[in-house]
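Results of the structural survey
This is what each chain is made of:
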Amino acid sequence: MAPEYAMLFEPLTVRGVRLRNRIVCPPMVTNRNIVGDDGIEWYRRIAEGGVGLVIVEATRTARFEEELKAENLSGLVEAVKGEGAAVAIQLFMSPVDGRNSPDSLSRDDIALSLERFCKSAAICKAAGFDGVEPHGAHGFLLNQFFSKRANHRADEYGGNLEGRMRLGLEVVRAVRSEVGEDMLILYRHTPKEPGGYTLEESLEFAWRLAGAGVDVLDISPASEKAPGDLAEPFRRIGIPAIAVGQMARHERAVEALREGRADLVAIGRGLIADPFWASKTREGRLDEIVQCRYCNEGCFGNLRAGKPIECAQYGRM
Ligand SMILES: Cc1cc2nc3c(=O)[nH]c(=O)nc-3n(C[C@H](O)[C@H](O)[C@H](O)COP(=O)(O)O)c2cc1C
C-alpha cells in the first residue's frame, strides 16, 4: 500500500465497536429487498470489499411494525459481519397516515413516531446490528423539524432553536434508553440549510446530540469547497465525524483525514461502481479500481425510477 493511504486503514473503536478502518459505506437506498437474497448479497459484497462500517440504507420505522423482525434481519447482519465489517442501519422517520411534515403531525403522531424509533432500534439490536442511525438529514421529515423553513409549529416542537432541536434529541434519548449502553447511535445531519438554519445552530444541536447519546456524527453533505470542510467544525464536539462527498477520489479521502476534517470517510457512489475499492486500495491495486464517474445514471437515476441501483458503467455488480 502507498504510505499516503495508511491513514485510511487505521482502526477505530467507538463504544466498544471496532472498525477495521476509516472507510464507511453510507446509507444508500438500493431498491433491493434488504432481507432477501439480492439485498443481502449486495451488502455482503460491500463488506467483502473491505470497508470498516456498512450503514444499511434508509429504512422506514413503520416497516419494523410488520415485515422487518430480528429473525429476518439477522441474515443481513451475519452476512456483513461475516466479512469483517461492522454494521449499522439508518432509521427513517415514517409519516403517520400520510402526514409528512412537522406542521401536520399531531402530538400523538409525534409520540407514535418516537415509539416507532424505539421499537425499530430494539429489533435492530436483537438482530445483532452494531448501531442505528436516525436519518436527520437531507430535508426529510426528522430534518424538517430542525428546519426554520419547514417547521412552523407553535408548540414546544417548533419555534426557537430549542424547540426545533427537541424531536431529534428526544429520538436519540429514547433510542439510547431502549438499546442501553452497548449499541452505537449515529446521527445523520445536514450542516446548514440555504435560507434556513445555520452551521452555528447545527453545532449547538450536535453538542446536545452527543450529550443525549450520539456516538458518531454523520455529516451530509460534508464537502463544499474542500473535501470534508463542512464536517470539520463538528470535530470540536469530541466524537467521531464522518465526511462524505466524492471520497472515492483517493486524494479527497486522504485530504479529509490528513487535514483533520473528519475521523471517517464515507464512499457512496464509488462503492456502487466498485465495492472492492477499499481492499484494492489497501493492496496497492489502484489501477484495478472501477472509478465512479459521477454520471448519476445507474445510482440516482435508478433510485428515482424505482429500479435496483447499479453502476451504469458496468451494470450489476
Ligand atoms: C442511490 C443512492 C441512494 C441514497 N440513499 C441514501 C439514504 O438512504 N440515506 C441517506 O442518508 N443518503 C442516501 N444517499 C446519499 C449517500 O449516502 C451519500 O451521501 C451521497 O451519495 C454522496 O456520497 P458520494 O459522493 O460518495 O456518492 C444515497 C445516494 C445514492 C447515490
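Here, the structure is the one placed above.
Residues numbered from 1 in each chain as written. Predicted model: local features only at pLDDT ≥ 70, side-chain atom pairs only at ≥ 80, totals over all residues. Heavy atoms only, no water.

All chains considered together, the criterion is met by four aromatic pairs. Judged by centre distance (5.1 Å) and plane angle (65°), the ring pair of Phe92 and Phe140 falls under edge-to-face. Here Phe92, found in strand 5 (residues 86–92), pairs with Phe140, found in the loop between strand 6 (131–136) and helix 4 (141–146); they are 48 residues apart in sequence, far enough to count as distant. A ring pair is formed by Phe146 and Phe205, whose centres lie 4.5 Å apart and whose planes are at 15°; its orientation type is stacked. In this pair, Phe146 is assigned in helix 4 and Phe205 in helix 6 (residues 199–212), connecting sequence segments 59 residues apart. Phe205 carries the same exposure label as Phe146, and that label is buried. In textbook terms, an aromatic cluster arises when at least three aromatic residues are bridged by ring pairs, as seen for Phe146, Tyr187, Tyr197 and Phe205. Above the plane of the ring of Phe146 lies Arg164, whose end atom (NZ or CZ) is 5.8 Å from the centre. (Phe/Tyr/Trp six-rings, centres within 6.5 Å; stacked < 30°, edge-to-face > 60°. Helix = DSSP H or I, 4+ residues; strand = E, 2+ residues; numbered from the N terminus. Buried < 20%, exposed > 50% of the residue type's maximum accessible area, 1.4 Å probe, protein only. Lys NZ or Arg CZ within 6 Å of the ring centre and 35° of its normal.)

With that settled, consider the side chain of Thr281. Counting through the fold element by element, Thr281 comes out in helix 9 (residues 277–282). Among the residues examined, Thr281 registers a relative accessible area of 0% and is labelled buried. Looking at Thr281, its side chain comes within polar contact range of the side chain of His250, at 2.8 Å. One polar contact links the side chain of Thr281 to the main-chain carbonyl oxygen of Trp277, over a distance of 2.7 Å. (Polar contact = N/O pair within 3.5 Å; in protein donor to acceptor, adjacent residues only side chain to side chain.)

Overall, the coordinates contain zero disulfides when judged by the stated rule. There is no disulfide at Cys118, and the cysteine sulfur nearest it, in Cys124, is 12 Å away. Unpaired in terms of disulfides, Cys292 finds its nearest cysteine sulfur in Cys299, a separation of 6.2 Å. On the basis of relative accessible area, Cys292 is assigned to the buried category, the value being 12%. (Disulfide = S-S within 2.5 Å.)

This part takes up the pairing of strand 4 (residues 53–60). In the case of a regular strand, side chains alternate between the two sheet surfaces. In terms of residue burial, strand 4 counts as a mostly covered element, since six of its eight residues are buried. Of the strand pairs in this sheet, strand 3 (residues 23–25) and strand 4 are connected by two bridges, and their pairing is parallel. Residue pairing across strands places Cys25 opposite Val54, the latter belonging to strand 4. Sheet topology note: the strand 4/strand 5 ladder contains six bridges and is parallel. Paired with Ile55 across the two strands is Ala88, which belongs to strand 5. Taken together, strand 4, helix 2 (residues 70–82) and strand 5 form a β-α-β motif whose crossover is right-handed. (Pairing = 2+ DSSP bridges. Right-handed = clockwise from strand over helix to strand, strands pointing away.)

Before going further, it helps to examine the nonpolar core. Membership of the largest hydrophobic core comes to 106 residues, with the highest contact counts inside it found for Leu8, Val54 and Phe129. Here Val54 is in contact with Cys25, Tyr43, Ile46, Ala47, Val80, Ala85, Ala86, Val87 and Ala88, once residues within four sequence places are set aside. (Core = buried A, V, L, I, M, F, W, Y, C linked by side-chain atoms within 4.5 Å. Contact = heavy atoms within 4.5 Å.)

Take the sheet that holds strand 4 next. Taken in spatial order, the eight strands line up as 3-4-5-6-7-8-9-10 and close into a barrel, and their pairing is parallel. The mean inter-strand angle of the sheet, taken between neighbouring strand axes irrespective of direction, is 25°. Where strand 3 lies against strand 10 (residues 264–266), two bridges are found, and the strand directions are parallel. Within strand 10, the residue paired with Ile23 across the bridge is Val265. Across the sheet, helix 2 lies against strand 4 and strand 5, angled at about 140° from strand 5, the strand it touches most. (Axes fitted to C-alpha atoms, helices over the stretch in contact; angles between N-to-C directions.)

Given 3.6 residues per turn, any residue in an α-helix points the same way as the ones three and four places further on. Taking 1.5 Å as the rise per residue, helix 1 (residues 37–48) with 12 residues should run 16 Å; its terminal C-alpha atoms sit 16 Å apart, in good agreement. Among all positions in helix 1, only Gly39, Ile40, Trp42, Tyr43, Ile46 and Ala47 are buried. What you see down the axis of helix 1 is that its buried residues fit within an arc of 155°, all on one side. At its buried positions, helix 1 is contacted by strand 3, strand 4, helix 2 and helix 8 (269–273). Gly50 lies just past helix 1 and shows a positive phi near 110°. (Expected span 1.5 Å × (residues − 1). Arc of directions from axis to C-beta.)

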